[in-house]
Amino acid sequence: MMQDRYADPQTTNWPDLVNPMEYTNPTTVDESVYDDDVVRMFFGATVIWGVVGMLVGVTIALQLAWWPANLGLPWTTFGRLRPLHTNAVIFAFAGNICFTGIYYSMQRLLKTRMWSDRLSRIHFWGWQAIIVAAAITLPLGLTQSKEYAELIWPIDIAIVVIWVIFAVNFFGTLATRKVKHIYVAIWFYISFVITIAVLHVVNSLAIPATLFRSYPVYSGMTDALVQWWYGHNAVGFFLTTPFLGLMYYFLPRAAERPVYSYRLSIVHFWSLVFLYIWTGPHHLLYSGLPDWAQTLGVVFSVMLLAPSWGGMLNGLLTLRGAWHRVRTDPVLKFFVVAVSFYGMSTFEGPMMAIRAVNSLAHFTNWVIGHVHSGALGWVGMMTFGTLYWLVPRLWKRELVYPNMATTHFWLATIGIVLYTVSMWAAGLIEGLMWRAVNERGLLASPAFMDIADRLDPFYGLRLLGGLLYFIGAVMMAWNIYRTVAASRAGAPTPSAATAAS
Amino acid sequence: MNPLLREAAESISLGWLAGLVTAFFIVWFVAWTWWAFSPKNKEKFEEAARMPLSDGGDS
């Protein structure tokens, strides 16, 4: 029965579970040992920054379709708002859901409270302060000009301090765990905590000149290689591994099924982290980077298909026996589409890393389409599913508007399809027109504007897709806001009424 | 790069090293996969697959 799913854990019965000696008996764990306040804080930040980051995204999509939308002001031009959009959706929206999921799931998987409540709070407020600092400095044009690492050096140092505080709390919790075995989701979280620290420090090394300006320690090709070693692993270790951790925890929870193959998940984890770290050079094909290093990047990118699809299949097959619930449960709908888009974009990525395909796709809108099939499809849909699943657990109340979650799902799915398809088409047109030559061997379309003009309808479609996705996210924010308000007012839903007693 | 270092780097071929490293990682991968899928670990990992469900959570 539905209401039992949110009942007091001490009375929850798990008749069919195996409890090996090394694990604490789950029925003896008291929910109150967990720090869920910090989970609720990160949850709220995820929703708020998600709406803000997507609004900036829709704004710059509008600017590309209709340039007067840049308002003629320096602070609102595309060049300044674009890094604001990427930083907001990656580090604010995706970052906060990773922390939400990590704080919720690691306490439960390790059966212990976070090591230090104080460090959890410093982590939360420090991270939000960094986001606010980014939202102020980027429109002012203060930047290091490194993609996804635009923030100026004082903010970079703040990120290191807050990340170390998070890491101390994380590993402190791991050290004081009550369960012997470290579940696969936690391994994915560990790779996130360690690798992001290394990537951020190495790529951001710079000599400060003034409070706002600095000079990078790298130059030329070395700078480019370090930047894309960082840049691609921001995708790998900020937008992939922590979300695979979320998948391995929240998907089995939502489906109420065990992981399809835990043994596959072990091979999945180690091959994925081993291969990912070498793939950066695929951003520098046909550049001054030594040929062998380019080839290395291509080979590792192509190999990455195997663990990525292993993970995708493990996620989808975990749903075996629960597929009938996908029809009615919006959470599972979001997860199924998220994992499917993970599979699609991890097929597309290795393909685009091959030299022949890259020569067509590089610098075109195809790359933007690829990134958004991963970001909107995988990261965004995983986030929405996790948020909807967490609401009744964190606030002990069903969604006020359950049907609105399903509407959100369809708006988001249609939005992603419009976005990716329009960008594929735009990218192919650009790529083909840039390289087209006439019978005399001269460029067929030497005027850049001739090609840019052709993109208008696709920029319009992309704007529509992004707008649908954004409207869905606003509906979710409203739905969650109303649910939390109702929970605070003490109004029980019919289905939660018995659980509250 | 220092011209002397460049000359030194170009004068030696590290093909054998690349081969060795590749072979090492292949053996490592096969051994790791063997360990993960070995019958003696089957039961242990099937229990681990249920850990999210038995985590004393609130569902």
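Definitions and limits used
- Residues numbered from 1 in each chain as written.
- Chains lettered and ligands numbered in written order.
- Predicted model: local features only at pLDDT ≥ 70, side-chain atom pairs only at ≥ 80, totals over all residues.
- Heavy atoms only, no water.
- Salt bridge = Lys/Arg side-chain N within 4 Å of Asp/Glu carboxyl O.
- Helix = DSSP H or I, 4+ residues; strand = E, 2+ residues; numbered from the N terminus.
- Buried < 20%, exposed > 50% of the residue type's maximum accessible area, 1.4 Å probe, protein only.
- Axes fitted to C-alpha atoms, helices over the stretch in contact; angles between N-to-C directions.
- Parallel < 35°, antiparallel > 145°, perpendicular 65-115°, else oblique.
- Contact = heavy atoms within 4.5 Å.
- Nonpolar A, V, L, I, M, F, W, Y, C, P; charged D, E, K, R; others polar.
- Phe/Tyr/Trp six-rings, centres within 6.5 Å; stacked < 30°, edge-to-face > 60°.
- Patch = residues over 30% accessible without salt bridge, like charges linked within 9 Å, V, L, I, M, F, W, Y side chains within 5 Å.
- Areas by Shrake-Rupley, 256 points an atom, 1.4 Å probe, with all protein chains shown as cover.

### Brief notes about the pattern of salt bridges
Moving on, step 1. Per the stated rule, a full pass over the model turns up 10 salt bridges over all chains.
Moving on, step 2. Its salt-bridge partner being glutamate 256 of chain A, residue arginine 325 of chain A comes within 3.4 Å of it at the nearest N-O pair. Here glutamate 256 of chain A lies in the loop between α7 (241-255) and α8 (262-276) and arginine 325 of chain A lies in helix α11 (residues 323-326), a separation of 69 residues in the sequence.
Moving on, step 3. Glutamate 256 of chain A gets classed as partly exposed once you look at its relative accessible area, which sits at 37%.
Moving on, step 4. Lysine 42 of chain B is the partner of glutamate 46 of chain B in a salt bridge, and the nearest nitrogen-oxygen pair spans 3.0 Å. Pair noted here: glutamate 46 of chain B and lysine 42 of chain B are both in helix α3 (residues 42-48), with a separation of four residues, about one helical turn.
Moving on, step 5. Given the relative accessible area of 38%, lysine 42 of chain B is considered partly exposed.

### Side note on the packing of helix α2 (residues 78-110) of chain A against helix α3 (residues 117-137) of chain A
Residue and element names in this part refer to chain A.
Moving on, step 1. Where α2 meets α3, the axes come as close as 10 Å, and the angle between the chain directions of the two elements is 170°. As far as their axial angle goes, α3 and α2 are roughly antiparallel. Two secondary-structure elements touch here, α2 through Leu84, Phe91, Ala92, Asn96, Phe99 and Tyr103 and α3 through Ser120, His123, Trp127, Gln128, Ile131, Ala134 and Ala135.
Moving on, step 2. Here the contact of α2 with α3 is composed, by residue class, of nine nonpolar, four polar and no charged.

### Focus: the packing of aromatic side chains
Moving on, step 1. Inspection of every chain in the model, using the stated rule, returns 49 aromatic pairs over all chains.
Moving on, step 2. Between the aromatic rings of phenylalanine 269 of chain A and tryptophan 270 of chain A, the centroid separation amounts to 4.9 Å while the plane-to-plane angle is 80°, which identifies the pairing as edge-to-face.
Moving on, step 3. Classification of phenylalanine 269 of chain A by relative accessible area gives buried; the value is 4%.
Moving on, step 4. With 5.3 Å between their ring centres and 35° between their planes, tryptophan 32 of chain B and tryptophan 35 of chain B make a pair best called tilted. Note that tryptophan 32 of chain B and tryptophan 35 of chain B are positioned in helix α2 (residues 15-37) at a spacing of three residues, about one turn of the helix.
Moving on, step 5. Taking relative accessible area as the criterion, tryptophan 32 of chain B reaches 28% and is therefore assigned partly exposed.
Moving on, step 6. Judged by relative accessible area, tryptophan 35 of chain B falls into the partly exposed class, the value being 34%.

### Let's talk about a nonpolar patch on the surface
Residue and element names in this part refer to chain A.
Moving on, step 1. Among the surface-exposed residues, Trp115, Val160, Val164, Val168, Val201, Leu205, Ile207, Tyr215 and Val217 lie close enough to one another that they form a single nonpolar patch of about 810 Å² accessible area.
Moving on, step 2. The element contributing the most residues to the nonpolar patch is helix α4 (residues 153-175), with three residues.
Moving on, step 3. The topology assignment puts valine 168 in helix α4.
Moving on, step 4. For valine 168, a relative accessible area of 39% gives the class partly exposed.

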